[in-house]
Amino acid sequence: MTTGVPPTRPARPRRSRVLRFLPLGIAAWLVLEIWLLTVVAGAAGGLTVFLLLVAGVVLGGVVIKRAGRRAFRELSETLQQQQSGLTPPTAERGGGNALTMLGGLLLILPGLISDALGLVLLVPPVQKALGRFAERTIERKVREATPGGLGDAFQQARMHRPDGKVVQGEVIRDDEPPARGPRPDDPQLPH
C-alpha cells in the first residue's frame with residue numbers, strides 16, 4: 001500500500017570544498033612531481049636525480065630527529081620547572097618544532113617540489129610568519145565557533161540511527177563510590 005508520497009532518502013552531509021578537491025589536488029601534485037623528475041633526469045641524468053632523492057631522505061630524517069629531540073627537551077624542562085614550583089617562561093624559546101618536522105617530512109617524500117617546500121619551511125622567518133598566521137587563524141575560528149564559551153566549541157555527540165535520523169544526546173556519568181560490604185550476588189562469597 002502506497003501513500004502517494006515518495007520515500008525520502010536521508011540527506012547526505014555536504015562535503016567541504018577542500019575535501020571535494022583534495023584527491024584531485026593530490027593527483028595533480030603527484031603528476032607534477034613525476035614530470036619534474038623526468039625533466040631533471042633528462043637534463044642532468046638519472047644518477048643525479050637518485051642522489052638528490054637520497055639526500056632529501058637523509059636530510060629530512062636528520063631534521064625530524066633534531067626537532068623531536070628539541071621538543072622532548074623543552075617538554076622535560078617545562079615539566080621540571082612546574083614540579084619545582086617555578087613558572088615556565090612565557091616567551092617563546094624558538095618554537096617552530098611542528099613546522100620543522102613538517103619540513104623534514106616534506107624532505108623525506110620523494111620529489112623535487114616537496115623537497116623545495118620542505119627547505120622553505122626550515123627557514124626561521126618563514127616559520128615565524130606561518131606560525132603567526134596559523135595562530136591568528138585558529139583563534140579566529142575558535143572565536144567564531146564559541147558564542148557561549150569553550151563548551152560550545154565542540155558539537156554534542158550524535159548517534160546515527162539506521163533510518164538516517166540523527167539523535168543528539170549527552171552522556172551523564174554517575175561517580176558515586178561503590179557501596180561497602182559484600183554484595184549478595186558476589187561469586188567469591190560462600191553460599
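Note: the structure precedes this text.
Read on for a plain summary of the structure. Since we're looking at a predicted model, the values are computed, not measured.

Some details on the overall build of the protein
- What the protein contains, in helices and strands, is five helices and two strands.
- Out of the 191 residues in the protein, the part that is buried amounts to 13%.
- For the protein, contacts bridging at least 24 residues in sequence account for 49% of all contacts bridging at least 6.
- If you sum the accessible surface of the protein, you get close to 16200 Å²; carbon and sulfur atoms cover 65% of it.

Quick word on the packing of helix 2 (residues 46-83) against helix 3 (residues 97-108)
- Interhelical geometry of helix 2 versus helix 3 gives an angle of 160° and a closest axis separation of 7 Å. With respect to their mutual orientation, helix 2 and helix 3 come out roughly antiparallel. Here helix 2 and helix 3 pass one another in a crossing that is left-handed. For the pair helix 2 and helix 3, contact is made by G56, V57, L59, G60, G61, V63, I64, A67, G68, R70, A71 and E74 and by N97, T100, M101, G104, L105, L107 and I108, respectively.
- Considering only residue class, the contact of helix 2 with helix 3 consists of ten nonpolar, seven polar and two charged.

Looking at helix 1 (residues 17-44)
- The first and last C-alpha atoms of helix 1 sit 39 Å apart over 28 residues, in line with the 40 Å expected at 1.5 Å per residue.
- Along helix 1, the largest kink reaches about 35° and is centred on P23.
- Just past helix 1, the residue G45 takes up positive phi, approximately 110°.

Re the packing of helix 1 against helix 4 (residues 112-121)
- Two elements in contact, helix 1 and helix 4, have axes separated by 8 Å at closest approach and are oriented at 100°. Taken as axis vectors, helix 1 and helix 4 run roughly perpendicular relative to one another. Counting all contacts with helix 1, which are made through W29, L32, E33, L36, L37 and V40, the residues of helix 4 involved are L112, I113 and S114.
- Looking at the contact of helix 1 with helix 4, its residues break down into seven nonpolar, one polar and one charged.

What about the side chain of Q127?
- Examined against the element boundaries, Q127 turns out to sit in helix 5 (residues 124-145).
- Polar contacts involving the side chain of Q127 include one to the side chain of T100, which spans 2.8 Å.

Some thoughts on a nonpolar patch on the surface
- A surface patch of nonpolar side chains, about 570 Å² in accessible area, is lined by L47, F50, L51, V54, V58 and V62.
- Structurally, the position occupied by F50 is in helix 2.
- Classification of F50 as exposed rests on a relative accessible area of 51%.

Some thoughts on a positive patch on the surface
- A cluster of like positive charges, contributed by R14, R15, R17 and R20, occupies part of the molecular surface.
- For R17, the location among the structural elements is in helix 1.
- A residue is classified by how much of its surface remains accessible, and R17, at 66% relative accessible area, is exposed.

Regarding the environment of V49
- As for its position among the elements, V49 is in helix 2.
- The exposure class of V49 is buried, given its relative accessible area of 7%.
- Not counting the four nearest positions on each side in its chain, V49 is found in contact with L37, V40 and A41.

Cut-offs and rules
- Residues numbered from 1 in each chain as written.
- Predicted model: local features only at pLDDT ≥ 70, side-chain atom pairs only at ≥ 80, totals over all residues.
- Heavy atoms only, no water.
- Helix = DSSP H or I, 4+ residues; strand = E, 2+ residues; numbered from the N terminus.
- Buried < 20%, exposed > 50% of the residue type's maximum accessible area, 1.4 Å probe, protein only.
- Contact = heavy atoms within 4.5 Å.
- Areas by Shrake-Rupley, 256 points an atom, 1.4 Å probe, with all protein chains shown as cover.
- Axes fitted to C-alpha atoms, helices over the stretch in contact; angles between N-to-C directions.
- Parallel < 35°, antiparallel > 145°, perpendicular 65-115°, else oblique.
- Left-handed = near helix turned anticlockwise from the far one by under 90°.
- Nonpolar A, V, L, I, M, F, W, Y, C, P; charged D, E, K, R; others polar.
- Expected span 1.5 Å × (residues − 1).
- Bend = angle between axes of the 7 residues up to and from the residue.
- Polar contact = N/O pair within 3.5 Å; in protein donor to acceptor, adjacent residues only side chain to side chain.
- Patch = residues over 30% accessible without salt bridge, like charges linked within 9 Å, V, L, I, M, F, W, Y side chains within 5 Å.
- Salt bridge = Lys/Arg side-chain N within 4 Å of Asp/Glu carboxyl O.
- Lys, Arg positive; Asp, Glu negative; His and termini not counted.
- Charge placed at Lys NZ, Arg CZ, Asp CG, Glu CD.

Worth remembering: the numbers are spatial, not functional.
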